[in-house]
Amino acid sequence: MQYIFKYVFQIVNLERGLFFTIKELAIRPGKAIRKFLFTEERKQFMKPVSFLLLMVSIGTFLSLKLVTNLEGQGLDEMIIQSGTISDDAPYLKQLLTNSNQYILKYFHLFQLIKIPFVAFFTFLFFKKADLNYAEHLVANSYIIGFVSVIFLAFAPVLFYFPKSVHFLGFLALVTFFYTFFAYIKTFRERVIVGIFKSFLVLLFSNLLHFSFLVVFAYFTYDG
């Protein structure tokens, strides 16, 4: 067991880089990402792919436990009860249920699939940053990985308030704010222009991401 744990620690670099990486990404994400990309100080950081896989995996595990309330009500039922989608629309209800199941069960996979598309759009909209596509992949791996850290920080609240659609909305706003902040600092963009470009990146990448969910839900719909 000692050998196994030592091997796992070596894979994810928990002994040295994890908590330092989280701290730096929380306080100064742009500086942290550029340090990893362009300086010898990169050795202090956990590697982006390892960080992403670890954070998203833990976040997915907790989401499976917490984003269903104590009575077994899933996100799809919560949205329907909030009045966003009528219970009289069985096709939409079933589509939402299927989408919700895929989001929860394959959340980590969707996050990983989304990164190349997000990186493409940041590469497209933040040309002035003078970073190549591979460097955009690194930046987005860290940023999306830290979004999972934000979820982990708020996970206890989801346990005590599992029915709160409003809190889930607040959590989404926090992740959007951090993403905007990280993009502006990483790509050294002016605030107003950076917010606009970040919004476009999230809009197009999430539309593409949502299209995958719809396709999966469509082909699993039994009605």
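You'll find the structure just up there.
Keep in mind that what you see is a predicted model, and the values were worked out from it rather than measured.

## Section: the pattern of salt bridges
Part 1 of the reasoning: Here the structure, examined in full by the defined rule, presents 4 salt bridges.
Part 2 of the reasoning: Of the charged contacts in the structure, one is a salt bridge between R28 and E24, with a shortest N-O distance of 2.9 Å.
Part 3 of the reasoning: Note on R28: relative accessible area 33%, which makes it partly exposed.
Part 4 of the reasoning: A salt bridge links E41 to K35; its shortest N-O distance comes to 3.5 Å.
Part 5 of the reasoning: On the basis of relative accessibility, which here comes to 35%, the residue E41 falls in the partly exposed class.
Part 6 of the reasoning: The structure contains a network of salt bridges with shared partners spanning K23, E24 and R28.

## Some details on the packing of aromatic side chains
Part 1 of the reasoning: Across all of its chains, the model carries 13 aromatic pairs by this definition.
Part 2 of the reasoning: Ring centres of F121 and F125 lie 6.5 Å apart, and the angle between their planes is 20 degrees; on these two criteria the pair is classed as stacked. Separated by 4 residues within a single helix, F121 and F125 lie in helix 7 (residues 107-125), roughly one turn from each other.
Part 3 of the reasoning: Relative to Y133, the ring of F123 lies with its centre 6.4 Å away and its plane at 85 degrees, an arrangement referred to as edge-to-face. Separated by 10 residues along the polypeptide, F123 in helix 7 and Y133 in helix 8 (residues 133-160) bring together distant segments of the chain.
Part 4 of the reasoning: By relative accessible area, Y133 is classed as partly exposed at 33%.
Part 5 of the reasoning: Members of the aromatic cluster, connected to one another through ring pairs, are F120, F121, F125 and F204.

## Some thoughts on the nonpolar core
Proteins that are soluble and globular tend to have nonpolar side chains buried together.
Part 1 of the reasoning: Counting residues in hydrophobic clusters, the biggest one holds 35 residues, and the most contacted among them are L25, F51 and Y142.
Part 2 of the reasoning: In terms of residue count, helix 8 provides more of this core than any other element does, 9 residues in total.
Part 3 of the reasoning: Setting aside anything within four residues of it in sequence, one finds L25 in contact with A32, I33, F51, Y142, F146 and Y178.

## Considering a nonpolar patch on the surface
Part 1 of the reasoning: Judged by side-chain polarity, F199, L203, F204 and L207 come together as a nonpolar surface patch covering roughly 360 Å² of accessible area.
Part 2 of the reasoning: By secondary structure assignment, the location of F199 is in helix 10 (residues 191-219).

## Looking at the side chain of K35
Part 1 of the reasoning: Positionally, K35 belongs in helix 3 (residues 29-38).
Part 2 of the reasoning: Exposure remark for K35: the relative accessible area of 19% places this residue in the buried category.
Part 3 of the reasoning: Ignoring anything within four residues of it in the chain, the contact list for K35 reads E41, R42 and F45.

Rules and cut-offs
Residues numbered from 1 in each chain as written. Predicted model: local features only at pLDDT ≥ 70, side-chain atom pairs only at ≥ 80, totals over all residues. Heavy atoms only, no water. Salt bridge = Lys/Arg side-chain N within 4 Å of Asp/Glu carboxyl O. Buried < 20%, exposed > 50% of the residue type's maximum accessible area, 1.4 Å probe, protein only. Phe/Tyr/Trp six-rings, centres within 6.5 Å; stacked < 30°, edge-to-face > 60°. Helix = DSSP H or I, 4+ residues; strand = E, 2+ residues; numbered from the N terminus. Core = buried A, V, L, I, M, F, W, Y, C linked by side-chain atoms within 4.5 Å. Contact = heavy atoms within 4.5 Å. Patch = residues over 30% accessible without salt bridge, like charges linked within 9 Å, V, L, I, M, F, W, Y side chains within 5 Å. Areas by Shrake-Rupley, 256 points an atom, 1.4 Å probe, with all protein chains shown as cover.

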